[in-house]
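Structural characterization, general
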Amino acid sequence: MYTIKHHQDQNILEIKNSENSVYGKIHLDAGASLQELTIGGHAIIQDLSPLTYESTYASAILFPFANRIKDGTYEFNGKSYQLKKNQEEEQNALHGLVYNKTFKVIQQEATNSEAKVALEYIENNTSQGFPFTYKIKVDYTFKKNAVNLGVTITNTSTKPFPFTLGWHPYFISENLNESELNFDSHQKLVLGERNITTGIEAIENTGTLHLKDQQLDDCWILNSDKVTFKTPKYNLEFSTSGTNNYLQAYTPPKPNVIAIEPTTGVSDSFNNSIGLEILKANGSHTINWGLKITN
């Protein structure tokens, strides 16, 4: 049996099953981010202390843009916009506008086989550099060996707006040097100063990326939505319903941890248009990301 408990004092949702093989902790005040996750009896997402959420954006949902916007500036439909530059060291806008918003629980269901929670944030005020209103609904489904994250964006303003989407989870391995990423790609983003995309380069099909002694902050264009993270204790399969699929991988200054980020766009997408999509007024867009333990 699954249970869902809302800790009102911390505004945290705690999800678990009676076998203790599934556990999730969602921080509603931190953009509905999944700060802890155990599935199939394997702890795959844990607290990154002493690293902070403000510095890692751990498990943040990235909207209306994933990654960076150079100088926080872009043009759309003939107008220039200035986003807040929230990354001081690089002077870029980073990871969108909802990572620190408070989401409300609008639905929850716990059964013998799964737990579902639906969370929502409604933006009725236009913000600096993004003068549009929107609604974002986040659906988590927890099962014995899998978790699914669904994100639905609705444009509630009277004009279309540009967007990309991403998810920023960090995963733990017993030994990252004995772990690997498997994915299908023959194109990689070229990153210049301040981690801004400057182009695309052809590469030999990646296949397997061994993580021994790797220091990563890289992005690949995927040919397939299938990505596998193989560790000494578990194999984790990623899947997505999206058609624009990019994979960002980053190794933080903490041993045996790696960010494996599915995104629909890349660094500076509002300017280079790589993966950029336009959502019309009153339109909606949904994407689903899945994680599944396969051993």
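Before any of the text, the structure's been laid out above.
For the structure given in this document, a descriptive report is provided here. All residue numbers refer to position in the chain's written sequence, counted from 1. Totals for whole chains, interfaces and linings use every residue, but because this is a predicted model, local features are given only for residues with pLDDT of at least 70 and side-chain atom pairs only at 80 or more, for both listing and counting. With hydrogens and water stripped out, all remaining heavy atoms of the structure feed into the side-chain values.

1. Brief notes about the packing of aromatic side chains
Pairing of aromatic side chains here covers Phe, Tyr and the six-membered ring of Trp, requires ring centres within 6.5 Å, and sorts the geometry by plane angle: under 30 degrees stacked, over 60 edge-to-face, intermediate tilted. Counted by the stated rule, this structure contains 22 aromatic pairs. Here the aromatic rings of Phe-130 and Tyr-134 are separated by 6.2 Å at their centres, their planes lie at 65°, and the arrangement is edge-to-face. Cluster of aromatic residues (ring-pair linked, three or more members): Phe-63, Phe-65, Tyr-74, Phe-76, Tyr-81, Phe-130, Phe-132, Tyr-134, Phe-161, Phe-163 and Phe-270.

2. Let's talk about empty space enclosed by the protein
One water molecule sets the probe size; rolling that probe over the atoms shows where empty space is left. Using a grid of 1 Å spacing that covers the protein atoms alone, one calls a set of points a cavity when a 1.4 Å probe fits there but cannot get out, and a pocket when the set is open and has protein on both sides within 12 Å along at least five of seven lines; lining residues are those with an atom within 4 Å of a point. Grid points are joined across faces, edges and corners, and a volume is the space filled by probe spheres set on the points. Applying the stated rule across the entire model yields 4 cavities of 30 Å³ or more. Size it by volume and the largest cavity reaches roughly 110 Å³. If you go around the largest cavity, you meet 15 residues; those closest to its centre are Leu-222, Asp-225, Thr-240, Tyr-246 and Pro-262. Runs of H or I in DSSP of at least four residues are treated as helices and runs of E of at least two as strands, each being numbered from the N terminus. Looking at the lining of the largest cavity, the elements that each hand over two or more residues are strand 24 (235-240), strand 25 (246-250), strand 26 (257-263) and strand 28 (284-293). The element contributing the most residues to the lining of the largest cavity is strand 24, with 3 residues.

3. Re the pattern of salt bridges
For side chains bearing opposite charge, pairing can occur when the charged atoms are close. By salt bridge we mean one thing: a side-chain nitrogen of Lys or Arg within 4 Å of a carboxyl oxygen of Asp or Glu. Tallied over the entire structure, the rule returns 9 salt bridges. Ionic pairing is found between Asp-71 and Arg-194, a salt bridge with its closest N-O pair at 2.8 Å. With Asp-71 in the loop between strand 7 (68-69) and strand 8 (73-76) and Arg-194 in the loop between strand 19 (187-191) and strand 20 (197-202), the pair connects residues that are 123 residues apart, well separated along the chain. Lys-143 is the salt-bridge partner of Glu-114, the closest N and O atoms lying 3.7 Å from each other. Separated by 29 residues along the polypeptide, Glu-114 in the loop between strand 11 (104-110) and strand 12 (115-123) and Lys-143 in the loop between strand 13 (134-142) and strand 14 (146-155) bring together distant segments of the chain. With relative accessibility at 16%, the residue Glu-114 sits in the buried group. Through salt bridges with shared partners, a single ionic network connects Glu-114, Lys-116 and Lys-143. Exposure is judged per residue with a 1.4 Å probe applied to protein chains only, and the accessible area is read against the type maximum: over 50% gives exposed, under 20% gives buried, and values in between give partly exposed.

4. Focus on the environment of Arg-68
Along the chain, the position of Arg-68 falls in strand 7. Accessibility expressed as a relative area gives 9% for Arg-68, which makes it buried.

5. Some remarks on the environment of Thr-102
Following the sequence through the fold, Thr-102 ends up in the loop between strand 10 (93-94) and strand 11. On the accessibility criterion, Thr-102 (39% relative accessible area) is partly exposed. For the pair Thr-102 and Ala-32, spaced 70 residues apart in sequence, the C-alpha separation works out to 7.2 Å. Throughout, a contact is declared for two residues whenever any of their heavy atoms are within 4.5 Å. Once residues within four sequence positions are removed from consideration, Thr-102 is found in contact with Asn-11, Leu-28, Asp-29, Glu-120 and Tyr-121. In the analysis that follows, any N or O atom pair within 3.5 Å is treated as a polar contact, provided that within protein one partner can donate a hydrogen and the other can accept it, and provided that, for residues neighboring in sequence, both atoms belong to side chains. Of the polar contacts made by the side chain of Thr-102, one reaches the side chain of Asp-29; its length is 3.0 Å.

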